[in-house]
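Survey of secondary and tertiary structure
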Amino acid sequence: MKFSRELLRRVPKVLLHDHLDGGVRPQTVIELAKEARYRKLPTDDPDELANWFHRGAARGSLPLFLEGFEHTCGVMQTEEALERVAYEMMEDMNADGVVYVETRFAPVFHTHKGLHSETVVRSVLRGLDRGKKDFGVEYGVLLCAMRNMKPDLSEEIAELAVDFRDHGVVGFDLAGEEGGYPPKKHVEAFHYIQRENFNITIHAGEAFGKESIWQAIQWCGAHRIGHATRLIEDMKVKDGEVLSMGTLAQYVLDKRIPLEICLTSNMHTGAVKSLKEHPFGTYFRYRFRVTLNTDDRLMSNITLTDEYLTAAEVFDLKLEDLEKLTINAMKSAFVPYKKRIAVIYDVIKPGFAAARERPKTEAT
């Protein structure tokens, strides 16, 4: 079904997988670079810079996709820069109809000019708090450890996440290149998070096989999985029909483990050859708890509205399907149950009901 962009922009949306340093405005990157005397940018024209990031990311390789972060992280090395980027992210979420967002970042990438990790987190939270007050968007923060770094550093980030749990941090993540860096190497950090009754999401099954997802869940206790594109390897599918599931896929389905699907990003990183081949369609039809996400808005040149439009067009989704995906996301958010329920019944359901009542000319 085809929808107007404006209709989908207006419906309330929930975003669980979005990297703060992957969604910076091009103009902001340029201005922050000037302030920091950062001279590595390929251009100081915002349109050309946006195109540069997008071209660089869409090369079918996760390591190549990640190269652009050198520049965004390079200009996010002061308290003021971090606060500004966080605040502008909230403004962009509001403009896109997002009512709840979980933004994630790795504090270690913002300490190259002397900032302490705690200062990094506080700066981001200041920007998010100002954005919440000005734009009314609810948020949570996920702190990322990196797969290629020493496990001791992951434990420090895990402790930092718990230290800020009463100030807006809602969970802990493991990100970065999967190949050669299994999540179980960081198991002590995850055990600490579990002992503290806190929340875990892990990038898994994007550029590496189903084994990465299995480790994330069974070794590390992940409550959500970022991407999970390769979970399809544990399913026997013919002509779009699932003939059988392995124990991992069945476990994910039965336990309602949320999957943070990033359609456009997965195509850009080469996790899938084309959108039509993305396993999202199979996951959705067979009632896995899937959600739609942007991953890196700057790199992929998208908004969550774009991702909704793409999913609707490629997988023939109706408005009630998009509502279900949005409710899936809010059910899976790392905020207290009462807040999740309040957003679902006070914001999401009324918003989609209003969209259905609008003239049919908006959805043709």
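Refer to the structure above for everything that follows.
For clarity, every value in this text was computed on a predicted model and none was experimentally measured.

Some points on the pattern of salt bridges
Pairing is possible between side chains that carry opposite charge, provided their charged atoms lie close to one another. Evaluation of the coordinates by the stated rule reveals 24 salt bridges. One salt bridge in this structure joins Arg25 and Glu88, with 3.9 Å as the shortest N-O distance. Taken together, the positions of Arg25 in the loop between strand S1 (13–19) and helix H2 (26–36) and Glu88 in helix H6 (residues 79–95) put the pair 63 residues apart, joining distant regions of the chain. Here Arg25 falls in the partly exposed class, since its relative accessible area comes to 27%. Since its relative accessible area comes to 10%, Glu88 is described here as buried. By sharing partners, the salt bridges in this structure join Arg25, Glu31, Arg84, Glu88, Glu91 and Asp92 into a single network.

Quick notes on the packing of aromatic side chains
By the definition in use, this model includes six aromatic pairs. Where Tyr87 meets Phe135, the ring centres are 5.3 Å apart and the plane angle is 50 degrees; that geometry is what we call tilted. Here Phe135 lies in helix H7 (residues 117–135) and Tyr87 lies in helix H6, a separation of 48 residues in the sequence. The buried category is assigned to Tyr87, whose relative accessible area is 17%. Ring plane angle 50 degrees and centroid distance 5.6 Å describe the contact between Tyr283 and Phe288, whose orientation is recorded as tilted. Aromatic rings pair up to connect Phe280, Phe284 and Phe315 into one cluster. Its guanidinium or amino end placed over the ring of Trp219, Lys184 lies 5.1 Å from that ring's centre, counting from NZ or CZ. One cation-aromatic arrangement involves Arg224 over Phe334; the distance from NZ or CZ to the ring centre is 3.9 Å.

What to know about the side chain of Glu260
Among the secondary structure elements, Glu260 is positioned in strand S9 (residues 259–261). In this structure the side chain of Glu260 is engaged in a polar contact, spanning 3.2 Å, whose partner is the side chain of Arg104. Contacts of Glu260, omitting those with residues within four sequence positions, involve His17, Arg104, Thr201, Arg224, Ile225, Gly226, His227, Thr291 and Asn293.

Digging into the layout of surface pockets
In this structure, the largest pocket encloses a volume near 660 Å³. Lining the largest pocket are 33 residues, with Leu66, Phe69, Cys73, Phe109 and Met146 positioned closest to its centre. Listing elements by their share of the lining of the largest pocket, those giving two or more residues are helix H4 (62–65), helix H5 (69–74), strand S2 (98–105) and strand S3 (138–146). Per-element accounting of the lining of the largest pocket gives the leading share, four residues, to H5. Among the residues forming the lining of the largest pocket, the class breakdown is 15 nonpolar, eight polar and ten charged.

Some thoughts on the packing of H6 against H7
Put simply, H6 and H7 touch, their axes get as near as 7 Å, and they point 35 degrees apart. As H6 runs across H7, the sense of the crossing is right-handed. Note on element contacts: H7 touches H6 through Thr119, Val120, Ser123, Val124, Arg126, Gly127, Leu128, Arg130, Gly131, Lys132, Asp134 and Phe135, opposite Glu79, Leu82, Glu83, Ala86, Tyr87, Met89, Met90, Glu91 and Asn94. Residues of the contact of H6 with H7, tallied by class, amount to nine nonpolar, five polar and seven charged.

Looking at a negative patch on the surface
Together, Asp152, Glu156, Glu159 and Asp163 give the surface a local cluster of negative charge. As for its placement among the helices and strands, Asp152 is situated in helix H8 (residues 151–163).

Section: the sheet that holds strand S4 (residues 169–175)
Working definition: the strands of a sheet are paired by backbone hydrogen bonds and lie parallel or antiparallel to each other. Taken in spatial order, the eight strands make up an open sheet running S1-S2-S3-S4-S5-S6-S9-S10, and their pairing is parallel. Each edge of the open sheet is held by one strand with a lone partner, namely S1 and strand S10 (290–292). Each strand of the sheet is rotated relative to its neighbour by a mean of 25 degrees, with strand direction disregarded. One ladder, built from four bridges, connects strand S5 (residues 200–204) with strand S6 (residues 224–227); its direction is parallel. Each residue of the ladder has a partner; that of Ile202, found in S6, is Ile225.

Basis of the calculations
- Residues numbered from 1 in each chain as written.
- Predicted model: local features only at pLDDT ≥ 70, side-chain atom pairs only at ≥ 80, totals over all residues.
- Heavy atoms only, no water.
- Salt bridge = Lys/Arg side-chain N within 4 Å of Asp/Glu carboxyl O.
- Helix = DSSP H or I, 4+ residues; strand = E, 2+ residues; numbered from the N terminus.
- Buried < 20%, exposed > 50% of the residue type's maximum accessible area, 1.4 Å probe, protein only.
- Phe/Tyr/Trp six-rings, centres within 6.5 Å; stacked < 30°, edge-to-face > 60°.
- Lys NZ or Arg CZ within 6 Å of the ring centre and 35° of its normal.
- Polar contact = N/O pair within 3.5 Å; in protein donor to acceptor, adjacent residues only side chain to side chain.
- Contact = heavy atoms within 4.5 Å.
- 1 Å grid on protein atoms, 1.4 Å probe; cavity = no way out; pocket = protein on both sides within 12 Å on 5 of 7 lines; lining within 4 Å.
- Points joined across faces, edges and corners; volume = space filled by probe spheres on them.
- Nonpolar A, V, L, I, M, F, W, Y, C, P; charged D, E, K, R; others polar.
- Axes fitted to C-alpha atoms, helices over the stretch in contact; angles between N-to-C directions.
- Left-handed = near helix turned anticlockwise from the far one by under 90°.
- Patch = residues over 30% accessible without salt bridge, like charges linked within 9 Å, V, L, I, M, F, W, Y side chains within 5 Å.
- Areas by Shrake-Rupley, 256 points an atom, 1.4 Å probe, with all protein chains shown as cover.
- Lys, Arg positive; Asp, Glu negative; His and termini not counted.
- Charge placed at Lys NZ, Arg CZ, Asp CG, Glu CD.
- Pairing = 2+ DSSP bridges.

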